[in-house]
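# Observations on the model geometry
Here is what each chain is made of, one letter per residue.
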Amino acid sequence: MSIAAQKESAYQPPDLTGAPNVIEIKDLVTHYGSREILHKVNVNVREGEVLVIMGGSGSGKSTLLNTLLGLVNPTSGGVHILGQELHAISGVERTKLRQKMGVAFQGGALFSSMSVLDNITLPLREHTQLDHNTMRIMARLKMQVVNLAGFENLMPSELSGGMIKRAAFARAIVMDPRILFCDEPSAGLDPIVASAIDELILSLRDAMGMSIVVVTHELESAFRIADRICVLDKGHILMIGTVAEVRASANERIQNLLNRRTEEETLDPDEYLRRLTAAND
Amino acid sequence: MAEVEHRTVRSRLVDILEQVGQRTTAVVAEIGLGAVLLGQSAFWIVMGRARSQPVRISATFARAMEVGIGALPIVTLMSLTIGIMLAIQSIYSLRIFGAEDQAVVGIGFAVVREFGPLITGILVAGRTGSSLAARIGTMRISQEIDALTVMGIEPVRFIVVPALIAMVIMVPLLAFWADLVMLAGAGWYIGVDIGTSMPAYIERLTEIVHIGDVMHGIYKSMMFSVLITLVGVINGIGVTGGAEGVGKMTTRSVVLAISSIIVTDMIFTYVTTRA
């Protein structure tokens, strides 16, 4: 039975109580222009856990991820990664810290001018003094981990959606990072490939002991892989809990998200009409 | 009624002023971004190795091949054509005064001081500047630049610096090649039309055109290379949306690069010859 299937059938959250935090987000506020996207977000990621950040469109989950990656500067609050304040450290320190972080982007973000192997080798080439052959061996090993062996010389344009995601994972883990970030890992994939990607995430956690942060709006995927789920809505955290806790939540917004209901659908028709009229006025 | 019209005129005026203000701010911001990119490029060229992020020679070489060798056929063809065209026009106009044998004077100066670097700059802006904007734009929308950043690879060092170095080396070399081909084309036509032999033409050329004139063109082409690179990069960074955004900014980069080359050319020529 696959790891994901086992998890689905008999969910046993690992006991991570007492595990140290690898990421600490404290009172994080982020704006785009004058618009507040994240409002006083507080969440920690424990060592060795899969934390899924879940939310609908416009909930702020991508902004939260970009802030965690240092691509967006917060207005206030802080992000501590492996004990270092990401947005306050020097450029050199940040470069070193980033070598302990891997990122698998939604679209893969593979360099179109490089072969798959060159893409995966790139971080090694840029950050290590290893010789050429050693780097290629290491990259091939990671390709085996993600079940992509034999596709080294293909260009990204020659890969399928699932293969692009796998190649992105291989590049993200080639430096053996302590933390892996995944942006919508199963979005746009058919259920079988999506399930395989979920298994890959779990195997990376179990085999390599990585802490993994996954941003997704795919409920099935989130429930399969999460040790804990952080539910975001309009820049606020609605709850942080295990899969069972989130499923059992009485919070109306969470239930709407779980049942894929829009806000309008849950409103009383008279109230909906009143809001529409007010908006037009 | 008059009050309403007055308000409409005033609000239009405010709109126009607002647009002018926004565009001015955008232009100033782009010039500032260009200066920052240039400063960062200089930083990574000098400090890259110390920061364990050296500028890769292989990447620079690949860009140089693309900029220089890749452009050689079109630069050669255009230069030959323009050289012949210049000779035709010079002989035509000087024949009015019976001084067509003096065509070489005008052609010599015009080619090495003006046409060689200018035509090369325009061709490179259309060819390499646009491809740089398109490449960076595509990298931006497919999150490749974000990927570089989160991998701890400085995008300016990785993308901009190799392109900048390649351009600063290859564009002057291309301009020098364009000078030679244009002069050869003009010399061939002068020989055909007024019977001046090639050795006599070369001798006359070397009498009147000095190394300073050639360097005047080379310095200009160096400036053009920096301008083309910065305009390409700035427009690539500015891409929003999908493929349509890339197309728009690529076109914009060509127009801006060619315009800025011509304006800079005029200023440089004035400063170095008149001031």
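Residues numbered from 1 in each chain as written. Chains lettered and ligands numbered in written order. Predicted model: local features only at pLDDT ≥ 70, side-chain atom pairs only at ≥ 80, totals over all residues. Heavy atoms only, no water.

### Considerations on the overall build of chain B
Along chain B, the regular secondary structure elements total nine helices and zero strands. The order of helices and strands in chain B, counted from the N terminus, is α-α-α-α-α-α-α-α-α. When the backbone C-alpha atoms are referred to their principal axes, chain B occupies close to 70 × 70 × 35 Å. For chain B, long-range pairs separated by at least 24 residues make up 84% of all intrachain contacts whose partners lie at least 6 apart in sequence. As displayed, chain B has an accessible area near 14,100 Å², and 70% of this comes from carbon and sulfur atoms. Each charge class in chain B was averaged separately, 19 positive and 19 negative side chains, and the resulting centres sit 8 Å apart. (Helix = DSSP H or I, 4+ residues; strand = E, 2+ residues; numbered from the N terminus. Contact = heavy atoms within 4.5 Å. Areas by Shrake-Rupley, 256 points an atom, 1.4 Å probe, with all protein chains shown as cover. Lys, Arg positive; Asp, Glu negative; His and termini not counted. Charge placed at Lys NZ, Arg CZ, Asp CG, Glu CD.)

### A closer look at the interface of chain A and chain B
Many descriptions give the size of an interface as the accessible area lost when the pieces come together. Each partner contributes to the interface: chain A provides 21 residues, whereas chain B provides 18 residues. Taken together, both faces of the contact between chain A and chain B bury some 1,600 Å²; the carbon and sulfur share is 61%. One can count two salt bridges joining chain A with chain B. Scanning the region where chain A abuts chain B turns up five residue pairs in polar contact (both at pLDDT 80 or more). Listing elements by their share of the side of chain A that touches chain B, those giving two or more residues are helix 3 (91-98), strand 6 (101-104) and helix 4 (116-127) of chain A. (Buried area = accessible area lost by both parts, 1.4 Å probe. Salt bridge = Lys/Arg side-chain N within 4 Å of Asp/Glu carboxyl O. Polar contact = N/O pair within 3.5 Å; in protein donor to acceptor, adjacent residues only side chain to side chain.)

### Notes on the packing of helix 4 (residues 103-141) of chain B against helix 9 (residues 243-273) of chain B
Residue and element names in this part refer to chain B. The N-to-C vectors of helix 4 and helix 9 enclose an angle of 150°; their axes lie 8 Å apart at closest approach. Classified by the angle between their axes, helix 4 and helix 9 sit roughly antiparallel to one another. Judged by the twist between their axes, the crossing of helix 4 over helix 9 is right-handed. (Axes fitted to C-alpha atoms, helices over the stretch in contact; angles between N-to-C directions. Parallel < 35°, antiparallel > 145°, perpendicular 65-115°, else oblique. Left-handed = near helix turned anticlockwise from the far one by under 90°.)

### Comments concerning unusual backbone geometry
Leaving glycine out, the prevailing phi sign among residues is negative, and the prevailing peptide bond configuration is trans. All names here are of chain A. One non-glycine residue, Lys40, lies in positive phi territory at about 45°. Structurally, the position occupied by Lys40 is in strand 2 (residues 35-46). We note that Lys234 has phi near 50°; this positive angle belongs to a residue other than glycine. Note on Lys234: relative accessible area 47%, which makes it partly exposed. (Buried < 20%, exposed > 50% of the residue type's maximum accessible area, 1.4 Å probe, protein only.)

### Digging into the pairing of strand 10 (residues 236-241) of chain A
Residues and elements named next belong to chain A. Across five bridges, the pairing between strand 9 (residues 228-233) and strand 10 is antiparallel. Within strand 10, the residue paired with Val231 across the bridge is Met239. Where strand 9 folds back on strand 10, the antiparallel hairpin that results is connected by two residues, among which Lys234 adopts a positive phi of roughly 50°. (Pairing = 2+ DSSP bridges.)

### As for the domain arrangement of chain A
Residue and element names in this part refer to chain A. If you check the domain split of chain A, you get domain 1 (3-245) and domain 2 (250-281). Of the residues lining the interface, ten residues belong to domain 1; the matching set on domain 2 comes to seven residues. With both sides pooled, the region where domain 1 packs onto domain 2 buries about 730 Å², and carbon together with sulfur makes up 69% of that total. The largest share of the area that domain 1 buries against domain 2 comes from Leu219, Lys234 and Leu238, three residues that together contribute 53% of it. For the interface between domain 1 and domain 2, the tally reads one salt bridge. With a closest N to O distance of 3.1 Å, Arg253 and Asp233 form a salt bridge. Listing elements by their share of the side of domain 1 that touches domain 2, those giving two or more residues are helix 8 (219-225), strand 9 and strand 10. Taken together, the residues that form the side of domain 1 that touches domain 2 break down as six nonpolar, two polar and two charged. (Domains from an automatic or database assignment. Nonpolar A, V, L, I, M, F, W, Y, C, P; charged D, E, K, R; others polar.)

### A closer look at the pattern of salt bridges
As enumerated under the stated definition, the model contains 21 salt bridges over all chains in all. Residue A:Arg224 is joined to A:Asp198 by a salt bridge in which the shortest nitrogen-to-oxygen separation is 2.7 Å. Taken together, the residues A:Arg224 in helix 8 and A:Asp198 in helix 7 (residues 191-208) connect sequence positions 26 residues apart. A:Asp198 carries the same exposure label as A:Arg224, and that label is buried. The residue B:Lys220 makes a salt bridge to B:Asp265 at a minimum N-O spacing of 2.6 Å. Residue B:Lys220 is located in helix 8 (residues 211-237), and its partner B:Asp265 is located in helix 9; the two are separated by 45 residues in the primary sequence. According to the relative accessible area criterion, B:Asp265 is buried, its value standing at 4%.

### Notes on the nonpolar core
Residue and element names in this part refer to chain A. The biggest cluster of nonpolar side chains holds 53 residues, and the ones touching the most others in it are Ile23, Leu64 and Phe181. Not counting residues up to four positions away in its chain, the partners in contact with Phe181 are Ile23, Leu65, Leu68, Leu69, Met101, Gly102, Val103, Ala104 and Val213. Counting residues in each nonpolar core, the second largest holds 47 residues, with Ala104, Met163, Leu204 and Ile225 among its members. (Core = buried A, V, L, I, M, F, W, Y, C linked by side-chain atoms within 4.5 Å.)

### Some points on the environment of B:Ile208
All names here are of chain B. When you line up the elements, Ile208 lands in helix 7 (residues 198-208). The class for Ile208 is buried, based on a relative accessible area of 14%. In this structure, the C-alpha to C-alpha distance between Ile208 and Val105, residues 103 residues apart in sequence, is 6.8 Å. Dropping the residues within four chain positions of it, Ile208 is found in contact with Val104, Val105, Phe109 and Asp213.

### Let's talk about the sheet that holds strand 10 of chain A
Residue and element names in this part refer to chain A. Here we have six strands laid out as an open sheet, ordered 6-7-8-3-9-10, and mixed in their pairing. At either margin of the open sheet sits one strand with a lone partner, and together these are strand 6 and strand 10. Adjacent strand axes in the sheet meet at a mean angle of 15° when their direction is disregarded. Strands in contact with helix 6 (residues 161-173) are strand 6 and strand 7 (179-183); relative to strand 6, the strand with the most contacts, it is inclined by about 170°.

### A word on the packing of aromatic side chains
Throughout the structure, instances matching the rule amount to two aromatic pairs over all chains. With a centroid separation of 6.5 Å and 45° between ring planes, the pair formed by A:Phe111 and B:Phe158 is classed as tilted. Of this pair, A:Phe111 sits in the loop between strand 6 and helix 4 while B:Phe158 sits in helix 6 (residues 155-194), placing the two residues on different chains. The exposure class of A:Phe111 is buried, given its relative accessible area of 2%. Aromatic side chains B:Phe43 and B:Trp44 sit 5.2 Å apart centroid to centroid with 85° between the ring planes, which places their arrangement in the edge-to-face category. (Phe/Tyr/Trp six-rings, centres within 6.5 Å; stacked < 30°, edge-to-face > 60°.)

### As for the packing of helix 6 of chain A against helix 7 of chain A
Residue and element names in this part refer to chain A. Following both chains from N to C, one finds helix 6 and helix 7 inclined at 15°, their axes separated by 10 Å at the closest point. Judged by the inter-axis angle, helix 6 sits roughly parallel to helix 7. Crossing of helix 6 against helix 7: the hand is right-handed. Contacts between helix 6 and helix 7 involve Gly162, Lys165, Arg166, Phe169 and Ile173 on the former and, on the latter, Val193, Ala196, Ile197, Leu200, Ile201, Leu204 and Met208. Broken down by class, the residue content of the contact of helix 6 with helix 7 amounts to nine nonpolar, one polar and two charged.

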